[in-house]
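Chain by chain, the residues run as shown.
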Amino acid sequence: MKILNPIILSFTLLLLMACKQKQQDENFNPATAKRIVSVSKQITEMLFALGKGKDIVACDLTSSYPDSAKLLPKVGYHRLLSTEGIVSMRPDVVVYSPNIGPATVIPQLQQVGIRCKEFFESNTLDSAQLLLTALANYFGVKGVADSLNKQLQQQMQIVYAAQKQCTDTPKVMVIQFGQANNVFFVMSGRNGPADAIIRFAVGKPAVYQAKGASQLSAEAIATANPDVVIVTDFGFDKLGGVEGVKKLPGVALTNAAKNNRIYRFNEHDIVYFGPRSAENILLLMKLLHPNLHATLP
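Residues numbered from 1 in each chain as written. Predicted model: local features only at pLDDT ≥ 70, side-chain atom pairs only at ≥ 80, totals over all residues. Heavy atoms only, no water.

A. Quick peek at helix α6 (residues 125-139). With 15 residues, α6 extends 21 Å from end C-alpha to end C-alpha; this agrees with the ideal 21 Å at 1.5 Å per step. By the criterion of burial, α6 is predominantly enclosed, with 11 of the 15 residues buried. Taken together, the buried positions of α6 are occupied by L125, S127, A128, Q129, L131, L132, T133, L135, A136, Y138 and F139. Looking one or two residues beyond α6, the residue adopting positive phi is G140, at roughly 75 degrees. (Helix = DSSP H or I, 4+ residues; strand = E, 2+ residues; numbered from the N terminus. Expected span 1.5 Å × (residues − 1). Buried < 20%, exposed > 50% of the residue type's maximum accessible area, 1.4 Å probe, protein only.)

Here you go:
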């Protein structure tokens, strides 16, 4: 009996697998998906807002809103995902944004026949609304996204009106504890969502001139001299509160420490935009401007 060339055999098997996957994708209706794995905190919150939370069977460690997301099985930190953990959840689809890792995880999932859907990264208020709509279109709930986006736009009008009440622009620094590397680092001053949210709240991101995010620079923090220091919840609690924050390198020398303007803020409220962004901006605005009087309906 003639033995097939191993290269030809491998190519044939790959071709058959690709054809099978294509057929599965053509027959797949995302609206009927009952086992979703979300490995993006922003996407996870949006899926819950769209009414798809009941269909999420697992998420990444950073998906912490709403509280229901905290109760879901975890498949690793979004930059250190576990392929085996995701496979074990038997998902109908894995949804993710481009900033996940390691780079091998999606090809490995696809190789074993798991459907994966990438959504674009969203770092602005406008692009977050587009992302919400894209998710809604994919999962067949466009009307829900339209309603949420309309509500957000209406709430932002209240934010814009509140901005006119603010009489100063304090310098703000955001410090986060990175759970992947177990270090504190400055998140603001990177032109990301945190900076945009600070500006919406009529603050100015403090200029932090230090290379990398591997550790805090006492000199850079002291030189930046923020009027307000925001520490995200995990790190704030880890340090035991305000006095613990003051022990971080350089923080005690800042105006924020001297005037006791060090505050705790939920990470998921300042690192990305979503349906609750107007509410989160107003919360931050009230910390930066204590005499502000504004509420959302």
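B. A look at the pattern of salt bridges. For the structure shown, the criterion picks out 9 salt bridges. Note that E243 is salt-bridged to K246, the shortest N-O span being 3.5 Å. Residue classification places E243 among the exposed residues on the basis of a relative accessible area of 53%. Through salt bridges with shared partners, a single ionic network connects K34, K52, K54 and D55. (Salt bridge = Lys/Arg side-chain N within 4 Å of Asp/Glu carboxyl O.)

C. The arrangement of helix α7 (residues 142-163) in detail. Compared with an ideal rise of 1.5 Å per residue, which puts 22 residues at 32 Å, α7 spans 31 Å between its outermost C-alpha atoms and is within 8% of the ideal. Here α7 has its buried residues at A145, L148, N149, L152, Q155, M156, V159 and A162. All buried residues of α7 project into a common sector of 135 degrees when viewed along the axis, lining one side. Turned more than 90 degrees off the buried face of α7, the exposed positions are G143, K150 and Q157. On the buried face of α7, the contacting elements are α2 (41-49), α6, α8 (193-200) and α13 (277-288). (Arc of directions from axis to C-beta. Contact = heavy atoms within 4.5 Å.)

D. Geometry of the nonpolar core. In this structure, L135, F139, I230, I270, L284 and M285 are the most contacted members of the largest nonpolar core, which totals 54 residues. Among all residues touching L135, those that are not within four sequence positions of it are I43, M46, L47, L50 and F119. Counting 20 residues, the second largest nonpolar core, distinct from the first, contains A206, V229, V231 and A257. (Core = buried A, V, L, I, M, F, W, Y, C linked by side-chain atoms within 4.5 Å.)

E. Geometry of the packing of aromatic side chains. This model, assessed by the stated rule, comprises 5 aromatic pairs. Summarising the aromatic geometry, the rings of Y138 and F139 are spaced 4.9 Å apart at their centres and angled 85 degrees between planes, so their arrangement reads as edge-to-face. For the pair formed by Y138 and F139, the shared burial category is buried. Ring centres of F200 and F273 lie 6.3 Å apart, and the angle between their planes is 85 degrees; on these two criteria the pair is classed as edge-to-face. Of this pair, F200 sits in helix α8 while F273 is found in the loop between β11 (262-265) and α13, placing the two residues 73 residues apart along the sequence. In this structure, R115 is placed above the aromatic ring of F28, and the distance from its NZ or CZ to the ring centre is 3.8 Å. (Phe/Tyr/Trp six-rings, centres within 6.5 Å; stacked < 30°, edge-to-face > 60°. Lys NZ or Arg CZ within 6 Å of the ring centre and 35° of its normal.)

F. Layout of the sheet that holds strand β1 (residues 36-38). Strand order across the open sheet formed by 4 strands is β2-β1-β5-β6, with parallel pairing between neighbours. Strands at the two margins of the open sheet, each flanked by one partner only, are β2 (56-59) and β6 (116-118). Adjacent strand axes in the sheet meet at a mean angle of 25 degrees when their direction is disregarded. Looking at chain direction, strand β5 (residues 93-96) and β6 are connected through 3 bridges and run parallel. In the sheet register, Y96 faces β6, and the bridge partner there is E118. (Pairing = 2+ DSSP bridges. Axes fitted to C-alpha atoms, helices over the stretch in contact; angles between N-to-C directions.)

G. Representation of the side chain of S188 within the structure. Mapped onto the secondary structure, S188 falls in the loop between β8 (183-186) and α8. Taking the relative accessible area as the measure of exposure, S188 reaches 2% and is therefore buried. Ignoring sequence-local partners within four residues, the contact set of S188 consists of V172, M173, V174, D195 and I198.

H. Looking closely at unusual backbone geometry. The omega torsion of the bond from Y65 to P66 falls at -5 degrees, within 30 degrees of zero and hence cis. Inspection of the secondary structure puts P66 in the loop between β2 and α3 (67-70). Of note, the amide linkage connecting G101 to P102 takes the cis form, showing an omega dihedral of -5 degrees. With respect to the element layout, P102 can be found in the loop between β5 and α5 (105-111). Backbone geometry at N191 places phi at a positive 60 degrees, although glycine is not the residue there. By the secondary structure assignment, N191 is in the loop between β8 and α8. The exposed category is assigned to N191, whose relative accessible area is 67%.

I. How the structure looks around the packing of α6 against α7. One can describe the packing of α6 onto α7 by two numbers: an axis separation of 8 Å at closest approach and a directional angle of 160 degrees. In terms of axis orientation, α6 runs roughly antiparallel to α7. Viewed along their axes, α6 and α7 form a crossing whose handedness is right-handed. Together, L125, Q129, L132, T133, A136 and N137 of α6 and K142, A145, L148, N149, L152, Q153 and M156 of α7 make up the contact between the two elements. When its residues are assigned to classes, the contact of α6 with α7 shows 7 nonpolar, 5 polar and 1 charged. (Parallel < 35°, antiparallel > 145°, perpendicular 65-115°, else oblique. Left-handed = near helix turned anticlockwise from the far one by under 90°. Nonpolar A, V, L, I, M, F, W, Y, C, P; charged D, E, K, R; others polar.)

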